[in-house]
Amino acid sequence: MAPTFKPDRIITVLGDQLTDQIAALRSGNRGTDIVLISEVMDEASYVRHHKKKLTFIFSAMRHFADQLSRDGWNVRYVKLDGPQNTGSIVGELQRALTELNIKSVLHTEASEYRLSSEISQWASSSDIKFTTLPDDRFIFGRDEFREWVGVRKQIRMEHFYRQVRRKTALLMDDEKPAGGKWNFDAENRSAASDDLSFPHPMQFVTDQITDEVLEMVEKLFPENIGQSRPFWFAVTRKDALSALDDFIKHALPHFGTYQDAMLEDEPFLFHSVLSQYLNVGLLQPLEICLRAEEAWRCGHAPINAAEGLIRQIIGWREFVRGIYWLKMPGYIESNFLETSRSLPDFYWTGDTEMACMRSTIEQTIEQSYAHHIQRLMVTGNFAMLAGVKPSEVHEWYLSVYSDAFEWVEAPNVIGMSQFADGGVLASKPYAASGNYINKMSNYCGNCRFNVKVKTGEDACPFNALYWNFLDRNSDKLNGNPRLGNTYRTWSKMSIEKQSSYNRSAEIFLGKL
């Protein structure tokens, strides 16, 4: 619909820029600018996004557009099923410029390389004034991260994290880290007993806008993974702030201690389930971190909980974003271990006899959520041990999780989970046998395989796959100093025992 005023500039707002603090809106003018927000099929279908993910993003976009209109902005909103929708961000931008006879665009940089390149190429070939502002929701800008990397031989998150702590003054007492240590991760590795009482993340009732999106998603994406309903995510800043309040009050005190734990039928434990709100802009990183720090300083939560959460946000989240922009393009095609196996079909169905994989995948299908240890040490660990192509693992993670945007997901999968970048992001492969999963979860008690058995038909597949992975990649990994003891253990095994591990792994992999 044409506006009743004559705008002289378009401000673009993308689907993960849903905050009035985005740079382009802060620099805009309500009286002369028009805000363009577009739902487009290119973004909705470049991977098979989970139905809940699509519902969350489109509903949050529509609610944000309504809020901007109430705040006095003139908004041009394009729905996915709109009759003139061109299907792409660039197409909708060009259509708006033509219909409104505008020659100027104000844009906040896109978070993903693919879309950023597409927009940049279009802008450079157009005769319009196209101004791009950095996305300053992040603590470290792209160029600032590149400058920090400099000529370092190794790029490690722990060193970066300390730099960000100093920059933000979070959990700092003058120049020293609060509590006397930078990192309390050693206190955050406890398994959880199933007699603990776990709070459930705050759930929200759908309104008319979300119900319309739910119907659209079911109509346009009937074959995508998961179900849209029940749908309980926050889709407004107000509700996201309520979810943050609820987490700080009920879950943060125990978050640190049990953040690596896994329990069947308990998908959330003490996790925040705030990352999807953070990644689309409904929440901001520093406001979450300041709330966690305040909870510690007032005695509501222990320091290991506050520090663990803050490290995930200003340490790991900022770090992987820096790696992404440092190494793109090409990073997603990294395949250091030269793997070639296709992703097993059960990643899309949960139809497997391995209880840990079945539970994590079924939870993922139902909730569009799994916490970081489930992603790293169950589904990610198995894919790496089995030799699955990293690009296929990356596409699965990008598809199934509501918080998955390429800038954050790709480094976590390519670098951390699959070690496909050869050690750029992680210092060693995060490989583990069934013993780790048994230690940190209750999955093994309900499994058809026996985690205590090392080889043979009834053995936990992770056991033989672990040693087989190390053996077949020894030429690439045996010089890694963090794997020295592991390879010494392997070398001390008898030829018969080594052969038994490799034979069991090969038989299992042959059935995939």
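Structure's up top.
Residues numbered from 1 in each chain as written. Predicted model: local features only at pLDDT ≥ 70, side-chain atom pairs only at ≥ 80, totals over all residues. Heavy atoms only, no water.

(A) Looking closely at the overall build of the chain. Helix and strand counts for the chain come out as 23 helices and seven strands. The C-alpha atoms of the chain give a radius of gyration of 24 Å, which matches the 24 Å a tight globule of 512 residues would have. The dimensions of the chain, computed from C-alpha atoms along their principal axes, are 80 × 55 × 50 Å. A total of 512 residues make up the chain; the buried ones form 59% of that total. Looking at the chain alone, contacts between residues at least 24 apart form 76% of all its contacts between residues at least 6 apart. Accessible surface computed for the chain: about 21,600 Å², of which carbon and sulfur atoms make up 48%. (Helix = DSSP H or I, 4+ residues; strand = E, 2+ residues; numbered from the N terminus. Rg over C-alpha atoms; globule rule 2.2 N^0.38 Å. Buried < 20%, exposed > 50% of the residue type's maximum accessible area, 1.4 Å probe, protein only. Contact = heavy atoms within 4.5 Å. Areas by Shrake-Rupley, 256 points an atom, 1.4 Å probe, with all protein chains shown as cover.)

(B) Structural context of the packing of aromatic side chains. Using the criterion set out here, one finds 32 aromatic pairs in the structure. A ring pair is formed by tryptophan 122 and phenylalanine 130, whose centres lie 6.1 Å apart and whose planes are at 80 degrees; its orientation type is edge-to-face. Taking relative accessible area as the criterion, tryptophan 122 reaches 12% and is therefore assigned buried. Judged by relative accessible area, phenylalanine 130 falls into the partly exposed class, the value being 22%. (Phe/Tyr/Trp six-rings, centres within 6.5 Å; stacked < 30°, edge-to-face > 60°.)

(C) Expanded view of a negative patch on the surface. Together, Asp194, Asp195, Asp265 and Glu266 give the surface a local cluster of negative charge. Position of aspartate 195 relative to the elements: it lies in the loop between strand 7 (176-177) and helix 8 (208-220). (Patch = residues over 30% accessible without salt bridge, like charges linked within 9 Å, V, L, I, M, F, W, Y side chains within 5 Å. Salt bridge = Lys/Arg side-chain N within 4 Å of Asp/Glu carboxyl O. Lys, Arg positive; Asp, Glu negative; His and termini not counted. Charge placed at Lys NZ, Arg CZ, Asp CG, Glu CD.)

(D) Here's a closer look at the state of the cysteines. Applying the stated criterion to the full structure yields zero disulfides. Take cysteine 447: it sits in no disulfide, and the sulfur closest to it among the cysteines is that of cysteine 356, at 6.5 Å. (Disulfide = S-S within 2.5 Å.)

(E) Up close: the sheet that holds strand 3 (residues 74-78). The sheet built from five strands is open, its strands ordered 3-2-1-4-5 with parallel pairing. The open sheet has two edge strands, strand 3 and strand 5 (129-133), and neither has a second partner. Neighbour-to-neighbour, the strand axes of the sheet open up by a mean angle of 25 degrees, direction not taken into account. Note that strand 4 (residues 104-108) and strand 5 share five bridges and pair parallel. Counted as the bridge partner of histidine 107 is threonine 132 from strand 5. Contacts from helix 3 (residues 51-70) reach strand 2 (33-38) and strand 3 within the one sheet, and its direction differs from that of strand 3 by about 160 degrees. (Pairing = 2+ DSSP bridges. Axes fitted to C-alpha atoms, helices over the stretch in contact; angles between N-to-C directions.)

(F) Highlighting the pattern of salt bridges. For the structure on display, the rule yields 30 salt bridges. In this structure, glutamate 92 and arginine 95 form a salt bridge, with 2.7 Å as the shortest nitrogen-oxygen distance. With glutamate 92 and arginine 95 both in helix 4 (residues 89-100), this residue pair falls three residues apart, about one helical turn. Across the pair, exposure class does not vary: glutamate 92 and arginine 95 are buried alike.

(G) View of the packing of helix 16 (residues 372-386) against helix 20 (residues 461-472). Relative orientation of the contacting elements helix 16 and helix 20 amounts to 50 degrees, with a least axis distance of 8 Å. The pairing of helix 16 with helix 20 is recorded here as oblique in orientation. Helix 20 is crossed by helix 16, and the crossing has left-handed handedness. Listed contacts from helix 20 to Val378, Asn381, Phe382, Met384, Leu385 and Ala386 of helix 16 are Phe462, Leu465, Tyr466, Phe469 and Arg472. (Parallel < 35°, antiparallel > 145°, perpendicular 65-115°, else oblique. Left-handed = near helix turned anticlockwise from the far one by under 90°.)

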